[in-house]
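Chains, contacts and geometry: an overview
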Amino acid sequence: ELPSLIIDTHLDHGPLPAGSMSPGLAETVSTFMIDPGNGGPFEIPGALTSRVGLSGASNSRLLLEAGSFDHEKTTFEWQGADLTVDTDPSSGTVSVEGEIKAWKVAASDMVADFSAISISANQVRSDFGFNVGSIEMNMGPISMVENGAEFSIASLSLSADSSINDDRMDGQSVFVINSAT
C-alpha cells in the first residue's frame, strides 16, 4: 500500500471564531498523521493554524515540533518547522517567512543529514494574472554517506526576483551550490 498524509482539521466559523475577540470568517487548526502504507499511522507533532479575516485576507502558521519515526529499518528524524504564510486577495499579495529545521534519514547502509532551510518570499499578483516579486531560500550543509562513500555540500542558496516593466516580465535568479565534495 502507498503512504498517505492524513489531515484532521477543526473549523470554527465567524463572526467571532472560537470565541475570539477579533472578528473573522473562520479559524482552522489542522493536525497531521502519516500512514507509511502499513495501516499504522503516526502523528506528526504540531499543527497548522489558519485564520481568514472578514476581508478574505488570511494568515497561516505551520508550527511542527521535533520528532522521529522508524519504518522498515529506516529512521526519520526532524527538528521541526515554523512557517508563516500571509495572503490578501484585495492587494494580491502573498508572503512566506520561516524555517524548516534540520532533518535526517538513516538506514543500515545510508545516512543523509540536511540542515535547516530558511525561506522568505514576497509576491504580488500582476495585471497579467501571475505573481511577481522576490524569494530567498538558504540551506546549510548537506551530508550523505552510503556504503562508506560520502557526498557533501557546504550550502545551497536560491535568490530570485521578478517584476513587470513596460508590459514585459523581467526576472533573474541565482542558484548557488557551495563546495560540493
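Note that the structure is predicted; figures quoted are calculated from it, not measured.

Things to note about the environment of E1
Looking at the secondary structure, you find E1 in the segment before β1 (4-13). In this structure E1 comes out as exposed when scored by relative accessible area, which is 82%. Taking the C-alpha atoms as reference, E1 lies 41 Å from G133; in sequence the two are 132 residues apart.

Brief notes about the pairing of strand β11 (residues 117-125)
Regular strands show a simple pattern: their side chains alternate between the two faces of the sheet. Where strand β8 (residues 93-100) and β11 come together, eight bridges link them in antiparallel fashion. Pairing of V94 across the sheet is with Q123, part of β11. Inspection of the sheet shows β11 paired to strand β12 (residues 131-139) by nine bridges, in the antiparallel sense. Each residue of the ladder has a partner; that of S120, found in β12, is E136. The loop that links β11 with its antiparallel partner β12 comprises five residues; one of these, G129, has a positive phi angle of about 90°.

Describing unusual backbone geometry
Positive phi is not limited to glycine here, since K73 has a value of about 65°. Relative to the assigned elements, K73 resides in the loop between β5 (67-71) and β6 (74-78). Overall, K73 belongs to the exposed group, its relative accessible area being 77%. Phi is positive for S179, close to 55°, though the residue is something other than glycine. Here S179 is to be found in strand β15 (residues 168-180).

Remarks on the packing of aromatic side chains
Inspection of the entire model under this criterion finds three aromatic pairs. Ring centres of W103 and F114 lie 4.9 Å apart, and the angle between their planes is 15°; on these two criteria the pair is classed as stacked. Of this pair, W103 sits in strand β9 (residues 103-107) while F114 sits in strand β10 (residues 110-114), and the two are 11 residues apart along the sequence. Aromatic pair F128 and F130: ring centres 6.3 Å apart, planes at 20°, arrangement stacked.

Observations regarding the pairing of β15
For strand β14 (residues 149-165) and β15, the ladder comprises 12 bridges, and the chain directions are antiparallel. Bridge pairing in β15 links S162 to G171. Here β14 hands over to β15 after two residues, with D166 in that stretch at a positive phi of 50°.

Conventions used here
- Residues numbered from 1 in each chain as written.
- Predicted model: local features only at pLDDT ≥ 70, side-chain atom pairs only at ≥ 80, totals over all residues.
- Heavy atoms only, no water.
- Helix = DSSP H or I, 4+ residues; strand = E, 2+ residues; numbered from the N terminus.
- Buried < 20%, exposed > 50% of the residue type's maximum accessible area, 1.4 Å probe, protein only.
- Pairing = 2+ DSSP bridges.
- Phe/Tyr/Trp six-rings, centres within 6.5 Å; stacked < 30°, edge-to-face > 60°.

Fair warning: the whole summary comes from geometry, so function is off the table for now.
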